[in-house]
Amino acid sequence: MEAVTNPPFRKICKHYGADVLISEFISSDALLREVEASKKKMMFDDKVERPIGIQIFGNNEQSLIAATEIAAAAQPDFIDINWGCPVRKVAGKGCGSGILNDIPKMISLTKSVVSHCPLPVSVKTRLGYDESNKPVVYIAEALQDVGIEAISIHGRTRAAMYKGQADWTLIGEVKANARMQIPVFGNGDIDTAEKVVEYKNRYGVDGILIGRAAMGNPFIFLHAQQALRGEAPTPVSVQERIEVCKQHLEGLRQWRTERVALLEMRKFYSGYFYAMNNFKPFRIRLVTAESYEEVYEILEDVRQNFTGYQFDLKQQDL
Ligand SMILES: Cc1cc2nc3c(=O)[nH]c(=O)nc-3n(C[C@H](O)[C@H](O)[C@H](O)COP(=O)(O)O)c2cc1C
């Protein structure tokens, strides 16, 4: 996820039980132009972050092939093609889910990537372009036929952006298709460990991608793994949340510039301290803090005010 799944946060997710990690999406055109920020997005810690996929997006065959070769040289475990992003500056150029109104091109570009990639290739996509056009069952088969080795499906269309509820029924149909041999992963609106188990059982998918609900809440992976094993969730203490939040902040501080890290961290605080009554004043202070010293002082106040807080485990995941 853009500006979310960089190495500092991925390592935390891995620690708490995420099975597979994926980079932020990377523009194939930018990789070709050797844009430093894009090259940096390919980096990962070889010792900790495996299995990992590098995700690329684009619409031009030559750029996609070149980017595939560049990304494969960084030696991830697989290359993931983003045919799912609905944001206008991406999809408007025929990248991401913008390709979903030209399925033949989606298939031929994917085929080119597969044939130039020494590593397994996977695809992340959506149900289709809009409500009247949701050919994901066909798309999944056609992409399997050109050689992808896994598919992840977000249960919305391009037109839906992030509106409404994700519809998992078509994801279930892709999985139930007797011709499908490759792993099918479902995605969209999974925000509790219970839902992981419920959706996995109901739709039979081989795995689940958790996006927004993991932002500041990497503990959802721990609880999901426990729920999948039929175990009760282990509460995560306020002290642990503070420590992990600090680890994330410090990791980001080294990964980004000081100022950018301070700002980027703001979107994670409510996740780290979710479901704590009377937290709002602290959250407001955290998201308006202008220095690291200030953030540390607030976190110390959080520790003093909330140590021993009893979480309602039903509420614990977002
Ligand atoms: C801030 C943000 C950045 C995202 N960046 C990416 C990305 O780079 N690549 C990708 O495949 N999906 C990206 N997504 C989409 C998520 O991976 C996921 O498909 C979507 O949020 C639905 O899943 P969720 O309900 O679990 O969040 C992004 C979503 C958000 C909110």
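These notes cover the structure that comes with them. The shown structure was predicted, so the numbers you read here are calculated from the model rather than taken from an experiment. (Residues numbered from 1 in each chain as written. Predicted model: local features only at pLDDT ≥ 70, side-chain atom pairs only at ≥ 80, totals over all residues. Heavy atoms only, no water.)

**Some remarks on the environment of Lys267**
- Here Lys267 lies in the loop between helix H12 (258-264) and helix H13 (269-272).
- For the pair Lys267 and Pro235, spaced 32 residues apart in sequence, the C-alpha to C-alpha distance is 23 Å.
- Not counting residues up to four positions away in its chain, the partners in contact with Lys267 are Ala3, Val4 and Met215.
- At a separation of 3.3 Å, a polar atom in the side chain of Lys267 contacts the main-chain carbonyl oxygen of Ala3. (Helix = DSSP H or I, 4+ residues; strand = E, 2+ residues; numbered from the N terminus. Contact = heavy atoms within 4.5 Å. Polar contact = N/O pair within 3.5 Å; in protein donor to acceptor, adjacent residues only side chain to side chain.)

**Quick notes on the sheet that holds strand E3 (residues 78-83)**
- Strands sit in the order E1-E2-E3-E4-E5-E6-E7 across an open sheet of 7 strands; the sheet is parallel. A strand with exactly one partner marks an edge of an open sheet, and here the two such strands are strand E1 (21-27) and strand E7 (207-209). Ignoring which end each strand starts from, the neighbouring axes of this sheet average 25 degrees apart.
- In the packing of helix H6 (residues 103-116) onto the sheet, contacts are made with E3 and strand E4 (121-126), and the angle to E3 comes to roughly 165 degrees. (Pairing = 2+ DSSP bridges. Axes fitted to C-alpha atoms, helices over the stretch in contact; angles between N-to-C directions.)

**Some words on the pairing of E1**
- The buried count for E1 comes to 6 of 7 residues, which makes it a mostly enclosed element.
- Sheet analysis places E1 next to strand E2 (residues 52-57), joined by 5 bridges and oriented parallel. From the neighbouring strand, Ile22 faces E2, where its bridge partner is Gly53. (Buried < 20%, exposed > 50% of the residue type's maximum accessible area, 1.4 Å probe, protein only.)

Keep in mind that these numbers describe shape and distance, not what the molecule does.
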